[in-house]
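Each chain, written out:
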Amino acid sequence: MKFESLMAIRYIFKQKRHSLLTIISIFLALSLMTALFTGYYTLTCVLREVNYANNPYHVRIYDLTKEQAESIKSYDHIDTVEFKEFIAGNTQTDIMLKKGMKDFLTWFQQLLKDKELGFESVDYDRYDINMSLKNYDLIDDEARFNQLQLLCILYVFIIFIAMSLRMIIDTAFEISSKERERQFGMLESIGASPKQIVRIITLEGLMLCIVGVPLGLLGGIGSAWLAFRSVLSSGIAETFIAPALAKRTVTFHISPMYLALSAVTGLVWVLLSAYGTGMRVIKISPVQAITSGGGVVKKVRRRSLAGLIFGWKGKLASRNVRRQPKRFIITVLSLTLSLSLYSSVEVVVDNAQIATKKMIMMDTGSDEGVMLLSPNISADPLAYKDTVENLKKTGYFKAIGMDILGTARLKENGINTDGRSGSTYYVNKDWYEPFFKVNYGLEPPMTYEELEASGGFIAVSLNGDPIDLKEANCLYFGKYYSDDDLKKLEKVYSDGEVDEDEFKVFREAGERAEKRNTEKKVKIAASVKIDDSAFGRYGVPAEGTVDIVAPISMYENGDYELFGNYSYPPNIYAEVVDNASYSAALKYVEEPKHKVELFFDAVGLYQDMDAVFTGIRLGSAFLNIFIALIAMVNLVNIITTGLINRKSELASMQCVGMTEGQLYGMSIVECLQFVITAAVFSVILCILLIIGTEAFVHVTGLAEDGIKLGIGYFEPVPKILLGSAAAFAVSTIASLLTLRNMQKTEPVERLRSVD
Amino acid sequence: MELLKIEDLCKTYGKGENEVKALDKVSFTVPKGQMLAVIGPSGSGKSTLLHIIGGVDRPTSGKVWLDGQDVYEQNNKNLAIFRRRQVGLIYQFYNLIPVLSAEENITLPMIMDGRKPDKERLEKLLKLLDLTERRDHLPSQLSGGQQQRVSIGRAMFTSPGVILADEPTGNLDSKNSAEIMELLRNSNRDFNQTMIIITHDENIALQCDRIITVSDGHIVNDVLTGIN
Ligand SMILES: Nc1ncnc2c1ncn2[C@@H]1O[C@H](COP(=O)(O)OP(=O)(O)O)[C@@H](O)[C@H]1O
Ligand SMILES: [Mg+2]
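Participant: Just to check I follow, could you spell out the overall build of chain B for this structure?
Facilitator: When helices and strands are tallied, chain B shows seven helices and 10 strands. Counting every position in chain B, which comprises 228 residues, the buried fraction comes to 57%. Nonlocal contacts in chain B, meaning residues at least 24 apart in sequence, comprise 69% of its contacts between residues at least 6 apart. When the accessible area of chain B is evaluated, it comes to approximately 10,200 Å², of which 45% is carbon and sulfur surface.

Participant: I'm lost on the environment of valine 268 of chain A in this one. Help?
Facilitator: Looking at where valine 268 of chain A falls in the secondary structure, it is placed in helix 11 (residues 256-283). Of the residues examined, valine 268 of chain A reaches a relative accessible area of 44% and is grouped as partly exposed.

Participant: How do you make sense of the pairing of strand 6 (residues 397-406) of chain A when you look at a structure like this?
Facilitator: Regular strands show a simple pattern: their side chains alternate between the two faces of the sheet. Residue and element names in this part refer to chain A. Burial of strand 6 is extensive: eight of the 10 residues sit out of reach of the surface. Alignment of strand 6 against strand 13 (residues 571-576), held across six bridges, turns out to be antiparallel. Looking across to strand 13, one finds that aspartate 403 is bridged to asparagine 571. Bridge analysis of strand 6 against strand 8 (residues 424-427) gives four bridges, and the strand direction is antiparallel. When the bridges of strand 8 are listed, isoleucine 404 appears paired with tyrosine 426.

Participant: I tried to follow the sheet that holds strand 4 (residues 61-66) of chain B on my own but got confused; where do I start?
Facilitator: Sheet strands line up and pair through hydrogen bonds in the backbone, either parallel or antiparallel. Residue and element names in this part refer to chain B. With antiparallel pairing, four strands are arranged side by side in an open sheet as 2-1-4-5. The open sheet has two edge strands with one neighbour each: strand 2 (20-31) and strand 5 (69-70). In the sheet, strand 4 pairs with strand 5 via two bridges, with the strands oriented antiparallel. In the strand pairing of strand 5, leucine 66 is matched with glutamine 69.

Participant: Mind showing me how you'd approach the pattern of salt bridges here?
Facilitator: Close approach of charged atoms allows side chains of opposite charge to pair. Summed over the entire model, instances satisfying the criterion amount to 27 salt bridges over all chains. A salt bridge links aspartate 140 of chain A to lysine 134 of chain A; its shortest N-O distance comes to 3.5 Å. Note on accessibility: aspartate 140 of chain A and lysine 134 of chain A belong to one class, buried. In the salt-bridge network here, residues are joined through shared partners; they are Arg84, Arg85, Asp113 and Arg115 of chain B.

Participant: Can you walk me through the pairing of strand 1 (residues 59-62) of chain A in this structure?
Facilitator: All names here are of chain A. Both strand 1 and strand 4 (residues 127-129) contribute to a ladder of three bridges, which runs antiparallel. What sits directly across from isoleucine 61, in strand 4, is tyrosine 127. Bridge count between strand 1 and strand 3 (residues 91-97): four bridges; the pairing is antiparallel. When the sheet's bridge partners are listed, arginine 60 is paired in strand 3 with aspartate 94.

Participant: Whenever I open this one, the interface of chain B and chain A confuses me. Can you help?
Facilitator: Many analyses report the size of an interface as the accessible area lost when the parts associate. At the junction of the two partners, chain B supplies 26 residues and chain A supplies 24 residues. The junction of chain B with chain A conceals about 2,300 Å² of combined surface from both sides, 68% of it contributed by carbon and sulfur atoms. Applying the counting criterion to the chain B and chain A interface returns one salt bridge. Two residues, glutamate 104 of chain B and arginine 10 of chain A, come together in a salt bridge whose shortest N-O distance is 2.3 Å. Between chain B and chain A we count four residue pairs in polar contact (both at pLDDT 80 or more) in total. Of all the secondary-structure elements, those providing two or more residues to the side of chain B that touches chain A are helix 2 (76-86) and helix 3 (102-112) of chain B. Here the side of chain B that touches chain A is composed, by residue class, of 16 nonpolar, five polar and five charged.

Participant: When you look at the sheet that holds strand 7 (residues 162-166) of chain B in this model, what are you seeing that I'm missing?
Facilitator: All names here are of chain B. Sheet architecture is open: six strands sit in the order 6-7-8-3-9-10, paired in mixed fashion. Edge strands, defined here as strands with exactly one partner in the open sheet, are strand 6 (87-90) and strand 10 (218-224). Strand after strand, the sheet turns through a mean of 15° between neighbouring axes, direction not considered. Here helix 5 (residues 144-157) sits on the sheet in contact with strand 6 and strand 7, set at roughly 170° to strand 6.

Participant: Sorry if this is basic, but what is going on with the site of ligand 1 here?
Facilitator: All names here are of chain B. The full set of residues close to ligand 1 is Tyr13, Val20, Ala22, Pro41, Ser42, Gly43, Ser44, Gly45, Lys46, Ser47 and Thr48. Within the contact set of ligand 1, an oxygen atom lies 3.1 Å away from a backbone nitrogen or oxygen of glycine 45. At 2.5 Å from an oxygen atom of ligand 1 is found a side-chain nitrogen or oxygen belonging to threonine 48. For ligand 1, the protein covers 59% of the area, taking 560 Å² as the surface of the free molecule. Secondary structure elements with two or more residues in the shell around ligand 1: strand 2 and helix 1 (46-53). Ranked by residues supplied to the shell around ligand 1, first place goes to helix 1 with three residues.

Participant: Please explain the packing of aromatic side chains as it appears in this structure.
Facilitator: How two aromatic rings sit relative to each other is given by the distance of their centres and the angle of their planes. All names here are of chain A. Taken as a whole and judged by the stated rule, the model has 23 aromatic pairs over all chains. Geometrically, the ring pair formed by tyrosine 396 and tyrosine 588 is edge-to-face, given 6.4 Å between the ring centres and 75° between the ring planes. Taken as a pair, tyrosine 396 in the loop between helix 15 (384-394) and strand 6 and tyrosine 588 in helix 21 (residues 579-590) lie far apart in primary sequence, 192 residues in all. Given the relative accessible area of 12%, tyrosine 588 is considered buried. Here the basic side chain of arginine 516 rests over the ring of tyrosine 480, its NZ or CZ set 4.0 Å away from the ring centre.

Participant: I'm lost on the packing of helix 2 (residues 16-54) of chain A against helix 22 (residues 602-645) of chain A in this one. Help?
Facilitator: Between two packed helices, the angle of one axis relative to the other and the distance separating the axes together describe the packing. Residue and element names in this part refer to chain A. Where helix 2 contacts helix 22, the two axes come as close as 10 Å, and the packing angle between them is 160°. Overall, the two elements helix 2 and helix 22 adopt an arrangement that is roughly antiparallel. Considering only the axes of helix 2 and helix 22, their crossing is left-handed. Seen from helix 2, the contacting residues are Arg17, Leu21, Ile24, Ser25, Leu28, Ser31 and Leu32; seen from helix 22, they are Leu623, Phe626, Leu629, Ile630, Val633, Val636, Asn637, Thr640, Thr641 and Ile644. Residue composition of the contact of helix 2 with helix 22, by class: 11 nonpolar, five polar and one charged.

Participant: Just to check I follow, could you spell out the side chain of arginine 83 of chain B for this structure?
Facilitator: Positionally, arginine 83 of chain B belongs in helix 2. Glutamate 188 of chain A provides the closest opposite charge to the buried, salt-bridge-free arginine 83 of chain B, at an N-O distance of 4.2 Å. If sequence neighbours within four positions are ignored, arginine 83 of chain B has contacts with Glu188, Ser189, Ile190, Gly191 and Ala192 of chain A together with Gly54, Gly55 and Val56 of chain B.

Participant: Looking at this model, I keep getting lost on the confidence of the model for chain B. Mind explaining?
Facilitator: Interpretation of the predicted coordinates at a detailed level should be avoided for regions scoring low in pLDDT. Averaged over every residue, the pLDDT of chain B is 88; residues scoring 70 or more account for 100%. Here the predicted complex carries an ipTM of 0.75, next to a pTM of 0.64.

Participant: Please clarify how the side chain of threonine 640 of chain A should be interpreted in this entry.
Facilitator: Residue and element names in this part refer to chain A. Within the secondary structure, threonine 640 sits in helix 22. For threonine 640, a relative accessible area of 5% gives the class buried. There is a polar contact of 2.8 Å between the side chain of threonine 640 and the backbone oxygen of valine 636. Contacts of threonine 640, omitting those with residues within four sequence positions, involve Arg17, Leu21, Ala734 and Thr738.

Criteria and cut-off values
- Residues numbered from 1 in each chain as written.
- Chains lettered and ligands numbered in written order.
- Predicted model: local features only at pLDDT ≥ 70, side-chain atom pairs only at ≥ 80, totals over all residues.
- Heavy atoms only, no water.
- Helix = DSSP H or I, 4+ residues; strand = E, 2+ residues; numbered from the N terminus.
- Buried < 20%, exposed > 50% of the residue type's maximum accessible area, 1.4 Å probe, protein only.
- Contact = heavy atoms within 4.5 Å.
- Areas by Shrake-Rupley, 256 points an atom, 1.4 Å probe, with all protein chains shown as cover.
- Pairing = 2+ DSSP bridges.
- Salt bridge = Lys/Arg side-chain N within 4 Å of Asp/Glu carboxyl O.
- Buried area = accessible area lost by both parts, 1.4 Å probe.
- Polar contact = N/O pair within 3.5 Å; in protein donor to acceptor, adjacent residues only side chain to side chain.
- Nonpolar A, V, L, I, M, F, W, Y, C, P; charged D, E, K, R; others polar.
- Axes fitted to C-alpha atoms, helices over the stretch in contact; angles between N-to-C directions.
- Near = heavy atom within 4 Å.
- Phe/Tyr/Trp six-rings, centres within 6.5 Å; stacked < 30°, edge-to-face > 60°.
- Lys NZ or Arg CZ within 6 Å of the ring centre and 35° of its normal.
- Parallel < 35°, antiparallel > 145°, perpendicular 65-115°, else oblique.
- Left-handed = near helix turned anticlockwise from the far one by under 90°.
- Lys, Arg positive; Asp, Glu negative; His and termini not counted.
- pLDDT = per-residue confidence, 0-100.

Right, dumping it as structure tokens:
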């Protein structure tokens, strides 16, 4: 091994560029892998901690005696037993287990039998099993199997990502200069065996790993930590976990096992790559290596686009590029992938956010998001007026919309003959326009004031032509409860939630209530027909169905009496002024004395959603940085080796009169070719991706649910251009620096001399 | 007794239209201690012949025996060991390992073999090659003549059965050429070292014991100079 290690060490230190690039490649690939592993581990740890904070036991047994609990302590696999007695006399015993049992349920049954705890395992009321914690803590074989399965999936995913990374390490090793190949050929010609050559390269890889692997692990931990901090700063943790708990449980975790796994994977990877290179090198016969300075040119294209645009410089550049098709393909491929990923991630996240927002918006009719409130039910059908007045007074809301659902229907020939009817809505001014938009997809046919002044309502035909009447007979269905029942109902609604027992009260009271129908002639101020598509999501209403939309003043001025002595509470669509007033409003609404209930909180939902998307965005930004770095290193590597491999060739061009400027020009055209090809492919790939996604949305039926992606085909283009410009800048700088370095020796020297 | 025996050696490059017969049924023998010059026009197959004798290229057909051993009957590993122990190659452009110092380049075949280089022999050789002062220099820090002396040192260090030199002076001026030739001549005389030297230079050829002329892959002339 003495010879091999001598050569490996010499190559590492004398071929600094190659060594450095290889180390950077190993570093980046391993960082990414470690970051992903660490992120995953942190996530599982956090989930475990949150679970433990809420349910700090593997098994909790209720109502054991102190003696029974005490006796459990000595049982197999028991870690800790915590006994708690409550004032009411009931007890709970929290048990934590040690790892390493075969099957948890068998063990548990055995425990019940052995300790005579007085119940069978099927007596569900007597115990709780925290299956998730059992699995997180790898208590039994099943848990370990689950864990292993998850890990395998993750590993496959990471390997998949690493596949693209493999290309980097491989290119660092494989597209290493022809000069290296020549040297290995020379070694062979003076008697180095193929095995020795392979060993030199492998040893070299191993030694570079000594630096690259620890750095990669550190880099991975570092960037995972950074990503963790910045994702946390988006407030995502507090969105899902109570803030106090989040502070305690959401912490960063590093797993030695996962670190070892990345290190070993990285190591094996590098060794495989090195071995592959070694095998490739020894396939070349020594004579070939010694006698052929540069690669053998087999075919050249006579005409090329670059040639047309850039003249002879372009022609040369283009031939150089095609001469090593593999190198060209790998560069363009990795650049294309990086550019496409880089530019599409954000577009996809953006559009997902917009689509999600649209979905929420459809239910609330507000861009900013509203809080959907409901006042407590009351024996006084107009009691809500105070509640709303008070809401207005808080100053937290810029608009408070309202609609009240009444039970009135048109009673005219040809309408509702099948007994089906539309609904009756009493709408206030703030909600008038959004109401039409959200429910019917229409602009209202007249202003709110005009409607109020008319003293009539608007008839909205849901299926069929607008009704051609100026006046219509309406039937009002009223329900009148006894005072006793009203009190009961008020109690039912006092805590907001209605459970099964309470619902029974509600139903029975409804059956006892006196039903009285009233008929009344009402003016029809306007008649419209809805846009068919707006109703798509409700299904098709029966022919002749008509909705009645009336101003709320009509309800308050008398209609309320026709519906009975209690009312459905109105829906209140409260739009908050800003974020600060949102939290104040939330507090206000939560207080029972304000007699208002929060039904649906679109503002909060938007905020949570934004937090999640910010998290996703930050996470993908980190991924993007990795992608960009990797692509850049790859590009620099390929460009510089490409030039160094042709060192003597470039020198001979200079010997026949090519100026330095022309040389620079030629290499810049070469960079341009890489970048432009990659950019074009990226645009195509992105467009295909977008078309694919839209097709996916259509095929899966998501589109019918109202999700329209609406991504412009050329949305990613500016980003691709930006990325390409950066890639071009980097590759140009890399090649100019390499060339300048070369120019330090005279061309004649370079004709023969070596790296 | 013959050290090297070459029998019906053929080497063709390429296929079909592009086929080139670099060597066509070449046969000759070389006794131990002989210093043989191979001359001939450019492209006549001299280098090909040398590479095949040296075990770095495989013949299309024919055989090479060195010291009674059929060179190309060996597997790759043994062929490598054969190159490292039995052959010393010297090239026109030196082909030194650029990352190793002069001394390391010289001892390389020995180190490769897992043997400890003989210190005394090394010192003697360095002195003989006039490289004692330059032993720690990298090839890039040496002149052409010095580099060629290093490569001769490398070829001689393991005392191989045969030293093969492909235009060893082709890249050197006449003073340096004379020095290199003297080195080779002396080692041939002092150690009874068998040598095959390819050259363009008639003066150099005339310093050898025997001259073979190659043309178009055939041996067209084979004469003893009568020096010894
Ligand atoms: N790798 C090769 N591929 C194709 N032809 C080759 C190769 N090496 C040598 N030749 C051809 O073989 C012939 C002999 O070459 P060579 O032995 O190098 O000649 P010399 O050393 O006498 O100048 C030449 O015609 C040359 O073109
Ligand atoms: Mg030749």
